[in-house]
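Residue-level structure breakdown
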Amino acid sequence: MKPIQLKITFIIATVLLLVFIFGGLVTYSIADISKYNTSKIETLSKTPGDLSEVYIKNWQNQIKYKEKKIWIFAGLLLMTIISGLFFLRHYLISRIFAPLFEMTVKMLDFLNGKFSYTFETPTQDEMGQLQTTFNSMAQEVLRNMEELKALDEAKSDFLNIASHELRTPMTSIKGSLGLITAGALGKLNDEVMSLMKIAESETDRLIRLTNDILDMAKIEARKMPLKQGWCNLEDILNKTIEGLLGFSTASNVKIKLHEFRPISVFADPDRFQQILTNLLSNAIKFSPTSKPVEVIVVAQQSKQIVIQVRDHGKGMSPEQKSVLFQKFRQATSADNPLVKGTGLGLAIAKALVEEHHGEIGVDSKPNEGSTFFFTLPQWKYNDLAEMKAS
Amino acid sequence: MKILLAEDDESISKITKMTLELIGKHKVTAVFDGEHACKLANEKDFDLILLDGMMPKMNGLDVCRAVKAGPKGSVPVIFLSAKSQESDIREALRVGAIGYIQKPFEPATVCQQIEKIMKEYGEKVA
């Protein structure tokens, strides 16, 4: 309700009330005097005649006069009620509804992150108390937000410094070991060599661990923005499989990519590769050497594209499945002993898939192997227009 | 090749130098800050400049810009960069670097990486 409308309501109400009260009073008194006088005159003029007739007449006059008085009274009452309602409307709107509406607007602003939060001059009534309370609440929220922002900045600073400071010594260690094991400084005897190899592979593990932990921290702090674009799915899959060639050869497990119609996906290629690497290296770890790990692409029009990684290992029970995507958890059991790893691979894969607005999951039964899959919402056949999942 | 290596971490510098000399059979001059790198790059003839991203006095990007604007602007520059500095990598390529090698790198492959980048660059120039 605009102030001008409020003013008009108020003026109408006041005018109405004044008109009705004064108008009513004037009418009332004129009627009162004239009727009384008329009846008096009538009574006096007819005194010598039939007295009873005079009385009856007088009495009738009085009734008529009283009826009129009641009507006037009723009219006055009605008008007072009407103007009273106008006043009530004015009061409700100006004192309650308008402040409430203003409060709602401020709260909505607040919700939307616009912090024009203060009521500059809170009134002296209950509404004013509400406004004062709102002001102090808003200030508190703002203060906490600023604190959180500072903490967040400190956290990302820490992450950047930690990344650099942790990687620098690891670069040196890895470099030194690499130089020695590559035989650049002369041939080593077998015992020394085997120890150097252990040191080297454990350094690699330490580097992986550090990278995983830093990645996880970055994802959680939302410091890892995606650089999404259209990429050829087959290229990414081949590149990832190529990258894992060393590991798969060492584990004596083959990776088999099933053929599919050429497809492009809308994704961050590096992160996509990271997701797939994590799923594949997991599959390789748990796969028997006799059977390959399979990569299958399932594309159905107007559905999310599904990328499956299937192994023919021992599979998992529902209990094991339930902890899979949590941090630092591995599906271990007596006949599935802990496999070296950070326990972060799947948690990272999950976070990255969700950043892409896809889903990740696993189908598995004991002794039947496991099929890990993830989906991406945006994809297209290379020879067709874009296909968006509904 | 005659290589100028600018890297502030002494251990990494030493290992990189040894790697390039022992495995790659290159001739390496090592400096430990950006200013020295800039000075040497403009004074002497190198076939390649390897720059670390973060260095005291002048960072890698500034060195690269200065060298590219100077008399030896045609000398190829490759960055040695930690994974966390992805934005720096893009920036490096923008200011004229021909490639980057990610840290931590393996001595056995760093020479191959350099060779590969140099070969691609040679093809591009030709």
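Just so it is clear, the model here is predicted, and its values are computed rather than measured.

Moving on, we come to the overall build of chain A. Counting secondary structure elements, chain A contains 9 helices and 9 strands. Across the 390 residues of chain A, 35% fall into the buried class. A fraction of 69% describes how many contacts in chain A between residues 6 or more apart in sequence connect residues 24 or more apart. Of the roughly 23,900 Å² of accessible surface on chain A, a fraction of 61% belongs to carbon and sulfur atoms.

Let us look at the interface of chain B and chain A. Many descriptions give the size of an interface as the accessible area lost when the pieces come together. On the chain A side, the residues contacting the 18 residues of chain B number 19 residues. Summed over both sides, the interface of chain B with chain A buries roughly 1,700 Å², with 68% coming from carbon and sulfur. If you look at where chain B meets chain A, you find 0 salt bridges. Elements with a minimum of two residues in the side of chain B that touches chain A: helix 1 (10–22) and helix 4 (86–94) of chain B. A class-by-class count of the residues in the side of chain B that touches chain A yields 9 nonpolar, 3 polar and 6 charged.

This paragraph deals with the sheet that holds strand 4 (residues 293–298) of chain A. Residues and elements named next belong to chain A. Spatially, the 5 strands line up as an open sheet ordered 2-4-5-7-6, and their pairing is mixed. Strand pairing shows two members of the sheet lacking a second neighbour, strand 2 (255–257) and strand 6 (360–364), which therefore form its edges. Averaged over all pairs of adjacent strands, the angle between strand axes in this sheet comes to 20°, irrespective of strand direction. The pairing of strand 2 with strand 4 spans 3 bridges and is classified as parallel. Bridge pairing in strand 4 links Leu 257 to Val 295. Where helix 5 (residues 233–243) meets the sheet, its contacts fall on strand 2, strand 4 and strand 5 (305–311), and the angle it forms with strand 2 comes to roughly 170°.

With that out of the way, let us pick up unusual backbone geometry. Residue and element names in this part refer to chain A. The residue Ser 302 is not glycine, and still its phi comes out positive at about 60°. Relative to the helices and strands, Ser 302 resides in the loop between strand 4 and strand 5. Even without glycine at this site, Asn 367 takes up a positive phi of about 70°. Positionally, Asn 367 belongs in the loop between strand 6 and strand 7 (370–376).

On to the side chain of Asp 215 of chain A. Position of Asp 215 of chain A relative to the elements: it lies in helix 4 (residues 190–220). Reaching out from Asp 215 of chain A, the side chain makes a polar contact with the side chain of Gln 274 of chain A at a distance of 2.7 Å.

Before going further, it helps to spend a moment on the nonpolar core. Counting residues in hydrophobic clusters, the biggest one holds 46 residues, and the most contacted among them are Leu 233, Phe 272 and Phe 374 of chain A. If you look at the next biggest cluster of nonpolar residues, it comprises 22 residues, including Val 31, Ala 37, Leu 40 and Val 77 of chain B.

Further remarks concern the packing of aromatic side chains. Residue and element names in this part refer to chain A. The full count for this structure, using the stated rule, is 5 aromatic pairs over all chains. Between Phe 110 and Phe 134, the aromatic rings sit 6.2 Å apart at their centres with planes inclined by 70°, giving edge-to-face as the arrangement. With a gap of 24 residues between them, Phe 110 in helix 2 (residues 51–111) and Phe 134 in helix 3 (residues 126–181) connect regions that are remote in the sequence. Across the pair, exposure class does not vary: Phe 110 and Phe 134 are buried alike. Its guanidinium or amino end placed over the ring of Trp 230, Lys 380 lies 4.4 Å from that ring's centre, counting from NZ or CZ.

Calculation criteria
- Residues numbered from 1 in each chain as written.
- Chains lettered and ligands numbered in written order.
- Predicted model: local features only at pLDDT ≥ 70, side-chain atom pairs only at ≥ 80, totals over all residues.
- Heavy atoms only, no water.
- Helix = DSSP H or I, 4+ residues; strand = E, 2+ residues; numbered from the N terminus.
- Buried < 20%, exposed > 50% of the residue type's maximum accessible area, 1.4 Å probe, protein only.
- Contact = heavy atoms within 4.5 Å.
- Areas by Shrake-Rupley, 256 points an atom, 1.4 Å probe, with all protein chains shown as cover.
- Buried area = accessible area lost by both parts, 1.4 Å probe.
- Salt bridge = Lys/Arg side-chain N within 4 Å of Asp/Glu carboxyl O.
- Nonpolar A, V, L, I, M, F, W, Y, C, P; charged D, E, K, R; others polar.
- Pairing = 2+ DSSP bridges.
- Axes fitted to C-alpha atoms, helices over the stretch in contact; angles between N-to-C directions.
- Polar contact = N/O pair within 3.5 Å; in protein donor to acceptor, adjacent residues only side chain to side chain.
- Core = buried A, V, L, I, M, F, W, Y, C linked by side-chain atoms within 4.5 Å.
- Phe/Tyr/Trp six-rings, centres within 6.5 Å; stacked < 30°, edge-to-face > 60°.
- Lys NZ or Arg CZ within 6 Å of the ring centre and 35° of its normal.

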